[in-house]
Amino acid sequence: MGNKQVKQHFETAKKTGVLKISLLRLDEFPSALKTFPNVLKTLDISENRFTVLPEDIAKFTLLKHLNASGNKIAIVPECIGVLVKLETLNMMNNLLTSVPRSLASCTHLKQVILSNNQITAFPVVFCELKQLDLLDLSRNKITEVPPEVKSLQVTELNLNQNQITIVAEEIADCGKLKTLRLEENCLQIAAIHPRILIESKVCNLCVDGNLFNSKQFTEVQGYDAYMERYTAVRKKIS
């Protein structure tokens, strides 16, 4: 970490509040961060070789954007809940199997991207975040979407390329959900509950690559109601 380039990053960050130390093949958190002043609003440690997100991160209580994608991180420490100003969290392409309960304290989170990890259970902690707009859990190992999802506030939920066999009908109660991505899972046609098509606000339901064909999908009760929403949105766009 003694090279000139990295030192320059730190000097600039003191003035801008933005520290980007990506693509540097780092496997340890830079020691300079231990004594770094609490001025960071953006921290980008993506595309390195970190295996843990260290507890030191809790000192940066002004942080709004954290990008730790493209590492080998298996655990997010509970102390991340201290980062109450956090608005975006990107930890795609890591080795996470779960997320800490403390994330419920990060009430300003708007975007969470956890694509391509090893998560097996839907992280219901995100159902408590009232400002969350986008949740990307694609390319994980989730098998079930639980009833708790009815409290999700997101407009887009990406669950593509998991191992989902069950989608709770309560997902129809998500008041803001417009785009629901369920492509390339293990869904039978019976898993698409008519309530999702009839009662929800979903106008972009992506279900290709499951255990049913498009004709079967068109025959599900409520398909016409869904298509009305879908078409109305397309007309607005065009």
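Just so it is clear, the structure is predicted and the values come from calculations on it, not from any experiment.

So, how was this worked out
- Residues numbered from 1 in each chain as written.
- Predicted model: local features only at pLDDT ≥ 70, side-chain atom pairs only at ≥ 80, totals over all residues.
- Heavy atoms only, no water.
- Helix = DSSP H or I, 4+ residues; strand = E, 2+ residues; numbered from the N terminus.
- Buried < 20%, exposed > 50% of the residue type's maximum accessible area, 1.4 Å probe, protein only.
- Areas by Shrake-Rupley, 256 points an atom, 1.4 Å probe, with all protein chains shown as cover.
- Lys, Arg positive; Asp, Glu negative; His and termini not counted.
- Charge placed at Lys NZ, Arg CZ, Asp CG, Glu CD.
- Domains from an automatic or database assignment.
- Contact = heavy atoms within 4.5 Å.
- Buried area = accessible area lost by both parts, 1.4 Å probe.
- Salt bridge = Lys/Arg side-chain N within 4 Å of Asp/Glu carboxyl O.
- Polar contact = N/O pair within 3.5 Å; in protein donor to acceptor, adjacent residues only side chain to side chain.
- Nonpolar A, V, L, I, M, F, W, Y, C, P; charged D, E, K, R; others polar.
- Expected span 1.5 Å × (residues − 1).
- Phe/Tyr/Trp six-rings, centres within 6.5 Å; stacked < 30°, edge-to-face > 60°.

## What about the overall build of the protein?
- Counting its regular elements, the protein contains 4 helices and 11 strands.
- Along the three orthogonal principal directions, the C-alpha set of the protein runs to about 65 × 35 × 30 Å.
- The buried share among the 238 residues of the protein stands at 47%.
- Only carbon and sulfur atoms are counted for the fraction: they give 50% of the accessible area of the protein, which is about 11600 Å².
- Distance from the positive charge centre (29 side chains) to the negative charge centre (25 side chains) of the protein: 9 Å.

## Some remarks on unusual backbone geometry
- Of note, the phi angle at L23 is positive, near 60°, even though the residue is not glycine.
- Mapped onto the secondary structure, L23 falls in the loop between β1 (18-20) and β2 (42-44).
- For E47, which is not glycine, the phi torsion reads 55° and is therefore positive.
- As for its position among the elements, E47 is in the loop between β2 and β3 (65-67).
- Residue E47 is classed as partly exposed on the basis of its relative accessible area, which comes to 40%.

## Quick notes on the domain arrangement of the protein
- By the assigned domains, the protein splits into domain 1 (1-118) and domain 2 (126-137 + 149-237).
- Between the C-alpha centres of domain 1 and domain 2 there is a distance of 31 Å.
- Every contact between the two is made by 14 residues of domain 1 and, on the other side, 10 residues of domain 2.
- With both chains or domains summed, domain 1 and domain 2 bury close to 1100 Å², and 60% of this area falls on carbon and sulfur atoms.
- Linking domain 1 with domain 2 are 1 salt bridge.
- Measuring nitrogen to oxygen at the nearest pair gives 2.4 Å for the salt bridge that ties R101 to E128.
- Counting across the domain 1 and domain 2 interface gives 7 residue pairs in polar contact (both at pLDDT 80 or more).
- Taken together, the residues of the side of domain 1 that touches domain 2 break down into 8 nonpolar, 4 polar and 2 charged.

## A short note on the pattern of salt bridges
- One pass over the full model with this rule turns up 9 salt bridges.
- For E11, the salt bridge goes to K14, with nearest N and O atoms at 3.8 Å. In this pair, E11 and K14 both sit in helix α1 (residues 4-16), 3 residues apart, roughly one turn of the helix.
- In this structure K14 comes out as partly exposed when scored by relative accessible area, which is 43%.
- For K34, the salt bridge is made with D56, and the minimal N-O distance between the two is 2.8 Å. Of this pair, K34 sits in the loop between β1 and β2 while D56 sits in the loop between β2 and β3, placing them 22 residues apart in sequence.
- D56 sits in the partly exposed class, given a relative accessible area of 25%.

## Observations concerning helix α4 (residues 223-237)
- Helix length check: α4, at 15 residues, gives a terminal C-alpha distance of 21 Å against a target of 21 Å (1.5 Å per residue), a fit within 8%.
- In this fold, the buried residues of α4 make contact with α2 (194-198), β11 (204-206) and α3 (214-218).

## Remarks on the packing of aromatic side chains
- Tallied over the entire structure, the rule returns 8 aromatic pairs.
- Between F10 and F36 the ring centres are 5.6 Å apart and the planes differ by 70°, which places this aromatic pair in the edge-to-face class. Of this pair, F10 sits in helix α1 while F36 sits in the loop between β1 and β2; the two residues are 26 residues apart in sequence, bridging distant segments of the chain. For the pair F10 and F36, one class covers both residues: buried.
- Between F217 and Y226, the aromatic rings sit 6.2 Å apart at their centres with planes inclined by 50°, giving tilted as the arrangement.
- Using a relative accessible area of 9% as the deciding quantity, one classes F217 as buried.

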